[in-house]
Amino acid sequence: MPNSLAGGHVSPPTLDTVGLVDQSLGDAGTSSLAPVLEEGNMDPWALPQLKDTGQSWRELSAPGRLLRVLRGFLKACGLLGGLYLFICSLDILSSAFQLLGGKVAGDIFKDDVVLSSPVAGLVIGVLATVLVQSSSTSSAIVVSMVASKLLTVRASVPIIMGVNVGTSITSTLVSMAQSGHRDEFRRAFGGSAVHSIFNWLTVLVLLPLEGAAAPLEKLSALVLGAASMQARGRAPDILKVLTQPLTHLLVQLDADVIASSAAGNATNSSLIKRWCGTRADTAPGNSSNCASAAAGPCPERNGSAPVERLPCYHLFAGTALTDLAVGFVLLAGSLLALCTCLVLLVRLLNSVLHGRVARAVRAVLNADFPFPVGWLSGYLAILVGAGLTFVLQSSSVFTAAIVPLLGVGVISLERAYPLLLGSNIGTTATALLAALASPPSMLLSALQVALIHFFFNLAGILLWYVVPALRLPLPLAKRFGDLTARYRWVAVAYLLLSFLLLPLAAFGLSLAGDTVLAAVGGPLVALVLLVVLVNVLQRRRSAWLPRPLRSWAWLPLGLRSLEPWDRLLSRCFASPAATREAHCYENPEILASQQL
């Protein structure tokens, strides 16, 4: 395994040819064999060549020009409609996860013994955000807990870090839609991985530092002490205004129930909203007619009239199904709609972004300033990412739109990296505005939690972007993309390990106490760091290592390569025809007789 990750294991020639045949079969009609044959001399992360296969505008006749304009208009409408349905499906997916585990996400914060461990707080933030598929909901729960004095600000800092990590799962799920094309999947998964790696690296640096000196807590308190804050009106929510006409026809959730559960108030109420307003029930006629009426007392003029509750009008209003059943129904429907929209968007992008249009879009998105100030291009991209995220009011939507563009080769990974960092800043600006809209009693607590979130992402940019030599997420994401392009099941394993299994294991160890967590987790972390160090030295300073450690050849093949695991999974999940085909391609005699 270690040597496989570091690129030290050299596969047999037959396996390289199998990969060539697999790519030529899987990518037929979408790419030529030339980039594959020249893989040793060509950077697989370079943006693909764009060829203008159609006729130019001058060569077209009048009907041809009209037909091209009509096709372009329909494709633009399809892109906008698909993007709108994609955003709505994300909203419904978030509601589904809240129905499946919304109260659990609120109840999970209540154990003071668990929250005393920073690692447990970090894991709780990751799991809660993965559970509800919304960093805004998780942050709102944390703010409610801090404002209700059920959670200290110091205990909330690791949870906020976990919320920031958990929100990157959306871009990873979106990248799976391009797994059918090897090169597109390489770029798309690398773009989603660079976001996750940035968050994890920032946590690895700041979590121990926060436990030792609490810099984020002190800095946020200092900023609040220097500024006089007052409560404002309702924060703008541009994206909700566009999606609510459709999503509110399907389901509406009662945010007060989730907030009440987070504040420690036990409730058996359903999360599905059943009442959407009130109306004063005034009696007809004047006061004399009211006095002679025999149907009960007359409503007073001082506002004590009986109030009638107005029911909500959505698909599950008044349903007899439980929250769990409704959650599963919405989960299945939203996932189906999400995958369908992603596939359609990727196909439309491939259809639209070609030739001169693709060259123009690529030139704008990847443009750099002239030489003396070329380094400012990345910082401008950070500002653009922050601004667009603030306008969309959702970092998940912005990152989900960037990943398909990465896959089709319109944006380079080096340009997408600052855009994703800007998205992290933009979502904290949204949280700051939402905090300013809090009631006066919750204002300071909400602002401090929002400032901690902002300073966490700002510190990450200072650590992993300002100095070019320290932009470690970029090479790590490229290595991860290359690995998943060859073994595509690694993407699923990464998704399960990073966002579910490892957080659950760390959470279970933290329940046993800090001693058990240190005794089990410490040696594992030390082993991982040692393997990484040895791999780096093997590639750059092998003479510094003892002779047995200069290569991993002495390890069993299953511990230094993913090839045996790939064969095992292929035999377990592949069809008999595919297994026979793979056996033929692994036979050197058959390969020698084929003209490739």
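Residues numbered from 1 in each chain as written. Predicted model: local features only at pLDDT ≥ 70, side-chain atom pairs only at ≥ 80, totals over all residues. Heavy atoms only, no water.

I tried to follow the overall build of the protein on my own but got confused; where do I start?
Helix and strand content of the protein: 27 helices and two strands. The 596 residues of the protein split such that 41% are buried. Across the protein, the fraction of contacts at a sequence separation of at least 24, relative to all contacts at a separation of at least 6, is 80%. (Helix = DSSP H or I, 4+ residues; strand = E, 2+ residues; numbered from the N terminus. Buried < 20%, exposed > 50% of the residue type's maximum accessible area, 1.4 Å probe, protein only. Contact = heavy atoms within 4.5 Å.)

It is not clear to me how the packing of aromatic side chains should be interpreted in this structure. Could you clarify?
Aromatic ring pairs: the centre-centre distance and the angle between the two ring planes describe each pair. Enumeration over the complete set of coordinates arrives at twelve aromatic pairs. For the pair F189 and F480, a centre-to-centre distance of 6.0 Å together with 65° between the ring planes defines the contact as edge-to-face. You can see F189 sitting in helix α10 (residues 182-213) and its partner F480 sitting in helix α21 (residues 473-486), a full 291 residues away along the chain. The exposure class of F480 is partly exposed, given its relative accessible area of 22%. With a centroid separation of 5.7 Å and an interplanar angle of 55°, the aromatic rings of Y417 and Y465 are classed as tilted. Taken as a pair, Y417 in helix α19 (residues 413-436) and Y465 in the loop between α20 (443-464) and α21 lie far apart in primary sequence, 48 residues in all. Judged by its relative accessible area of 1%, Y417 falls in the buried class. Look at Y465 and you get buried, because its relative accessible area is 4%. Counting every residue linked through ring pairs, the aromatic cluster contains F185, F189, F480, Y494 and F499. For R471, the ring lying beneath its charged end belongs to Y465, and the centroid distance is 4.0 Å. (Phe/Tyr/Trp six-rings, centres within 6.5 Å; stacked < 30°, edge-to-face > 60°. Lys NZ or Arg CZ within 6 Å of the ring centre and 35° of its normal.)

Help me understand the side chain of N164 in this model?
Secondary-structure assignment places N164 in helix α8 (residues 153-166). Classification of N164 by relative accessible area gives buried; the value is 2%. Excluding residues that lie within four positions of it along the chain, N164 makes contacts with N199, N424, H453, F456 and N457.

Sorry, what's going on with a positive patch on the surface here?
A cluster of like positive charges, contributed by R479, R539, R540 and R541, occupies part of the molecular surface. Along the chain, R540 turns up in helix α23 (residues 514-540). (Patch = residues over 30% accessible without salt bridge, like charges linked within 9 Å, V, L, I, M, F, W, Y side chains within 5 Å. Areas by Shrake-Rupley, 256 points an atom, 1.4 Å probe, with all protein chains shown as cover. Salt bridge = Lys/Arg side-chain N within 4 Å of Asp/Glu carboxyl O. Lys, Arg positive; Asp, Glu negative; His and termini not counted. Charge placed at Lys NZ, Arg CZ, Asp CG, Glu CD.)

Whenever I open this one, the side chain of Q178 confuses me. Can you help?
Examined against the element boundaries, Q178 turns out to sit in the loop between α9 (169-175) and α10. Residue Q178 is classed as buried on the basis of its relative accessible area, which comes to 2%. When residues no more than four places from it in sequence are discounted, the contact partners of Q178 are E184, F185, A188, V346, V403, P404, G407 and V408.

In this structure, what is going on with a nonpolar patch on the surface? I would like to understand it.
Judged by side-chain polarity, F369, V373, W375, L376, L380, L383, V384 and L388 come together as a nonpolar surface patch covering roughly 720 Å² of accessible area. Mapped onto the secondary structure, F369 falls in the loop between α16 (355-365) and α17 (376-392).

Explain unusual backbone geometry here, please?
For residues besides glycine, phi is generally negative; the peptide bonds are generally trans as well. Although it is not a glycine, A214 sits at a positive phi angle of roughly 50°. Of note, A214 is situated in the loop between α10 and α11 (215-226). What makes A214 buried here is its relative accessible area of 1%.

What should I look at first to understand the nonpolar core in this one?
A general tendency of soluble globular proteins is for nonpolar side chains to be buried together. The biggest cluster of nonpolar side chains holds 96 residues, and the ones touching the most others in it are F86, M161, L330, I402 and Y417. For this core, the element with the highest residue contribution is α20, accounting for twelve residues. Contacts of M161, omitting those with residues within four sequence positions, involve L122, V203, L206, L207, E210, L216 and F456. Of all hydrophobic cores here, the second largest spans five residues; its members include V534, L545, W552 and L555. (Core = buried A, V, L, I, M, F, W, Y, C linked by side-chain atoms within 4.5 Å.)

How should the environment of G225 be read in this particular structure?
With respect to the secondary-structure elements, G225 resides in helix α11. On the basis of relative accessible area, G225 is assigned to the exposed category, the value being 67%.

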